[in-house]
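Architecture and fold: a report
Here's the letter readout for the chains.
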Amino acid sequence: MNQTIREQFAMLRKRPGYTYLDSGASSLTPDSVVKVMDEYYLEYRANIHRGMYPDSEYASTQYENVRTIVANFFGCTPHEIFFTFGATHGLNMLAYGLEHIIEKDDVIVLSELEHHANIVPWQQVARRTGAILRVIPVDKETYELDGNFEKYIDEKVKIVSVAQVSNVLGTIQSITRLSQCAHSVGALMIVDASQSVAHMPSNVRELQCDFLVCSGHKMYGPTGTGIVYGSQEALEKLRPSMFGGDMIETVEFTESTWADIPYRFEAGTPNVGGIIGLGEAITYIQSIGWNAIEQHEKEMTEKLLSVISPYARIIGPSHSARRTGVVSFVIDQIHPHDIAGFLGERKVAIRAGHHCAMPLMRSCDLMQGTARATVGIYTTEEDVMHLDSALKELQTTFG
Amino acid sequence: MYTHEHELDSIYKEYILDLYRNPKNKKKIDSPTHVSTKRNASCGDELTVYLVIVDGIITEVGFDGIGCAISQASASLLTEHIKGMSYEDVRKITEEEMLKLLGIEIGLTRTKCALLAYHSCMNALNSN
């Protein structure tokens with residue numbers, strides 16, 4: 001399937017021999033996504049909402065249609081979706097907008113494998129309110145979270161916020177069980193789905209979460225786009241934290257009232273062209289289908305693991321069950337930045353560093369970070385072979 | 001039009017790799033007159049520069065720490081370069097001169113690595 005898919009991405013079509021294994025940082029964009037954004041910019045460029053002329057009307061319809069596409073994708077209603085500029089933006093909005101439910105000595109539960117975007121906003125909330133951050137640890141042998149969630153989630157807990165898939169280890173967390181555990185003590189469950197949305201179904205009813213946040217640029221969409229899902233009930237608890245045009249109902253100098261949910265969470269002109277592109281990216285994912293995506297990526301992940309293993313130590317589960325195609329590794333005596341730099345010169349794009357997960361790196365004693373290769377729908381066996389020969393050359397050169 | 005010309009030149013030249021494998025002056029100096037450690041949090045790198053300055057002249061120089069090939073090679077080149085120089089002349093070395101000393105075309109992301117030893121050294125000069 002993936003030779004046809006590669007044809008749909010200009011970056012791959014125009015550069016034979018280019019191996020892109022950094023989809024975990026940002027995925028490539030198919031031509032169809034660029035095309036709908038081009039159409040917006042070249043044919044009906046107008047601001048949305050309240051432009052009483054055909055182009056504005058059409059732009060508004062296209063933008064709002066994406067809300068429906070996203071709702072179908074996550075298994076919720078369109079009114080439970082609002083758009084942001086990325087997952088970091090979304091998580092910050094949740095942190096600011098839920099701060100009013102946090103009191104001194106309340107507890108916010110995170111896991112040890114979180115991305116900085118799901119740590120720092122909560123840390124700042126804790127600092128402002130006097131709340132406490134509690135961290136579910138990662139087992140350094142199995143790389144799984146301590147499954148004894150009840151131990152961490154007690155009556156003091158107001159919020160639990162955990163990544164569905166680790167951007168370092170590739171592990172998949174038991175979100176449904178975490179949600180149930182959070183709800184049993186009346187806490188809200190937030191899911192950072194940035195690393196999962198393009199690789200497995202994220203049905204919010206099955207996950208039973210209250211909020212789910214992701215970025216568009218990791219799911220074959222454009223940069224500068226993001227999504228927040230919030231259940232109707234949860235969105236009623238969320239206060240707006242970005243203020244301005246479009247999110248209001250009435251404004252006086254002394255006070256204002258807010259627009260309905262979810263519009264009150266979209267202050268100012270959104271990334272209209274980007275959101276239209278994001279809708280097309282989701283349609284693109286759906287046109288390939290989860291079965292094909294999951295089967296292909298699992299196969300590529302297995303190949304990746306077996307090619308990397310002889311050269312390096314895998315940081316994360318070494319089998320492909322319960323993990324995605326995020327493969328971190330370290331090589332003795334070669335700095336991760338040299339691995340990535342050297343591979344980059346051989347047209348193999350991987351990432352290196354702490355992957356915005358310094359606390360996890362510290363606790364795994366990996367302060368120089370890891371090298372990380374990630375699989376996308378366009379990854380081929382040739383890519384994996386290309387990585388293999390580049391690693392072989394690296395070993396000879398640095399050995 | 002974006003070209004891929006920047007991909008043509010390798011930073012992993014043989015002399016860089018040689019310096020990485022066998023860096024000069026990679027030693028801790030027991031009683032330095034000037035010393036400073038700099039960290040590059042995003043790489044996890046840490047580099048200490050030790051100087052012995054007598055009568056305004058760098059008489060002894062060493063460094064230790066961990067880092068990538070680029071940071072280790074630049075530490076080796078810089079320490080070799082400043083040996084015997086006057087305190088005042090070392091102070092005048094600019095970032096551009098350090099990068100020139102390294103002799104490879106370095107991109108934005110690796111500039112921090114290339115300048116880690118330089119910044120440790122400059123900081124060390126002010127440490128006494």
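It should be noted that the structure appears before, not after, this text.
Just so it is clear, the model here is predicted, and its values are computed rather than measured. (Residues numbered from 1 in each chain as written. Chains lettered and ligands numbered in written order. Predicted model: local features only at pLDDT ≥ 70, side-chain atom pairs only at ≥ 80, totals over all residues. Heavy atoms only, no water.)

Notes on the overall build of chain B
Our working definition: Here a strand is any run of E in DSSP of at least two residues, a helix any run of H or I of at least four, and the numbering for each starts at the N terminus. With a 1.4 Å probe rolled over the protein chains alone, any residue whose accessible area is under 20% of its type maximum counts as buried; one over 50% counts as exposed, and the rest are partly exposed. Here, residues are in contact when the closest pair of their heavy atoms is within 4.5 Å. Each accessible area is a Shrake-Rupley result for a 1.4 Å probe, and residues are judged covered by the shown protein chains and nothing else. By the counting rule applied here, Lys and Arg register as positive and Asp and Glu as negative, while His and the ends of each chain are not counted. For this purpose, a charge sits on NZ of Lys, CZ of Arg, CG of Asp or CD of Glu.
In terms of regular secondary structure, chain B is built from 5 helices and 3 strands. For chain B, the spread of C-alpha atoms along the principal axes amounts to about 55 × 25 × 25 Å. Residue burial in chain B is summarised as follows: out of 128 residues, 46% are buried. Pairs at least 24 residues apart make up 62% of the contacts formed inside chain B by residues separated by at least 6 positions. As displayed, chain B offers around 6600 Å² of accessible surface, 52% of which is attributable to carbon and sulfur atoms. Taking the average place of the 14 positive charges on the side chains of chain B and the average place of its 18 negative ones, the gap between the two points comes to 4 Å.

A short note on empty space enclosed by the protein
Residues and elements named next belong to chain A. This is how the line gets drawn: Only protein atoms enter the 1 Å grid, on which a cavity is a set of points fitting a 1.4 Å probe that cannot get out and a pocket is an open set with protein on both sides within 12 Å along at least 5 of 7 lines, lining residues being those with an atom within 4 Å of a point. Grid points are joined across faces, edges and corners, and a volume is the space filled by probe spheres set on the points. The nonpolar class holds Ala, Val, Leu, Ile, Met, Phe, Trp, Tyr, Cys and Pro. Asp, Glu, Lys and Arg form the charged class, and all remaining residues, Gly among them, are polar.
Per the stated rule, a full pass over the model turns up 2 cavities of 30 Å³ or more. Approximately 100 Å³ is the volume found for the largest cavity. For the largest cavity, the full set of lining residues is F83, T84, F85, H89, M93, M242, F265, E266, A267, P270, N271 and I275. Looking at the lining of the largest cavity, the elements that each hand over two or more residues are β2 (81-84) and α5 (87-98). Partitioning the lining of the largest cavity into residue classes produces 8 nonpolar, 3 polar and 1 charged. Approximately 40 Å³ is the volume attributed to the second largest cavity.

Some points on the packing of aromatic side chains
A ring pair, where both rings are aromatic, is described by two values, the distance of the centres and the angle of the planes. Residues and elements named next belong to chain A. For clarity, the cut-off: Pairing of aromatic rings covers Phe, Tyr and Trp, the last counted by its six-membered ring, and requires centre-to-centre distances within 6.5 Å; plane angles under 30 degrees mean stacked, over 60 mean edge-to-face, and any other angle means tilted. A ring is scored as having a charge over it whenever the NZ atom of a lysine or the CZ atom of an arginine sits within 6 Å of its centre and within 35 degrees of its normal.
Going through the model one piece at a time under the given rule, you end up with 18 aromatic pairs over all chains. Taking the centre distance of 5.0 Å and the plane angle of 70° together, the rings of Y40 and Y41 count as edge-to-face. Taking the relative accessible area as the measure of exposure, Y41 reaches 45% and is therefore partly exposed. Where Y63 meets F83, the ring centres are 5.4 Å apart and the plane angle is 65°; that geometry is what we call edge-to-face. Of this pair, Y63 sits in helix α4 (residues 54-74) while F83 is found in strand β2, placing the two residues 20 residues apart along the sequence. Among the aromatic residues, those joined into a ring-pair cluster are F9, Y18, Y20, Y220, Y284 and Y378. Above the ring of Y18, the side-chain terminus of R15 is found at 4.0 Å from the ring centroid. Taking the ring centre of F342 as reference, the NZ or CZ of R346 above it sits at 3.6 Å.

Examining the environment of H354(A)
Looking at the element boundaries, H354(A) is found in the loop between β14 (351-353) and α13 (358-363). A residue is classified by how much of its surface remains accessible, and H354(A), at 16% relative accessible area, is buried. Put simply, H354(A) and A117(A) are 237 residues apart on the chain and 13 Å apart in space, counted from C-alpha to C-alpha. Aside from chain neighbours lying at most four places away, what touches H354(A) is H116(A), M361(A), G369(A), A41(B) and S42(B).

Regarding the nonpolar core
Side chains that are nonpolar tend, in soluble globular proteins, to be buried together. Note the threshold: Buried residues of nine kinds, namely Ala, Val, Leu, Ile, Met, Phe, Trp, Tyr and Cys, make up a nonpolar core once their side-chain atoms join them within 4.5 Å. An automatic or database domain assignment is the source of the domain bounds shown.
Core analysis: the biggest nonpolar cluster contains 79 residues, and F74(A) and I153(A) have the highest contact counts within it. Sort the elements by how many residues they give to this core and helix α10 (residues 272-288) of chain A lands first, with 9 residues. The two domains that each donate at least three residues to this core are domain 1 (33-286) and domain 2 (289-398) of chain A. Core analysis: the second largest hydrophobic core is formed by 45 residues, L343(A), V384(A), L387(A) and A114(B) among them.

Thoughts on the environment of G24(A)
Residues and elements named next belong to chain A. When you line up the elements, G24 lands in the loop between β1 (19-20) and α3 (31-43). Placed 92 residues apart in sequence, G24 and H116 show a C-alpha to C-alpha distance of 15 Å. Other than its neighbours up to four places away in sequence, G24 contacts Q195, K218, R372 and T374.

Structural notes on the interface of chain A and chain B
What counts here: The term buried area denotes the loss of accessible surface (1.4 Å probe radius) that occurs when two parts are joined, taken as the sum for both partners. When a carboxyl oxygen of Asp or Glu is within 4 Å of a side-chain nitrogen of Lys or Arg, the pair counts as a salt bridge. In protein, a polar contact means a hydrogen-donor-capable atom and an acceptor-capable atom, both N or O and within 3.5 Å, with residues adjacent in sequence counting only if both atoms are side-chain atoms; elsewhere, any N or O pair within 3.5 Å suffices.
In this complex, chain A contributes 17 residues to the contact, which on the side of chain B involves 20 residues. Both sides of the chain A and chain B interface together cover about 1400 Å² of buried area, and 48% of this is carbon and sulfur. Counting the contacts that link chain A with chain B gives 1 salt bridge. One salt bridge in this structure joins R110(B) and D338(A), with 2.8 Å as the shortest N-O distance. Remark: the boundary between chain A and chain B carries 12 residue pairs in polar contact (both at pLDDT 80 or more). Among the elements of the structure, α12 (336-345) and α14 (381-398) of chain A are those that each provide at least two residues to the side of chain A that touches chain B.

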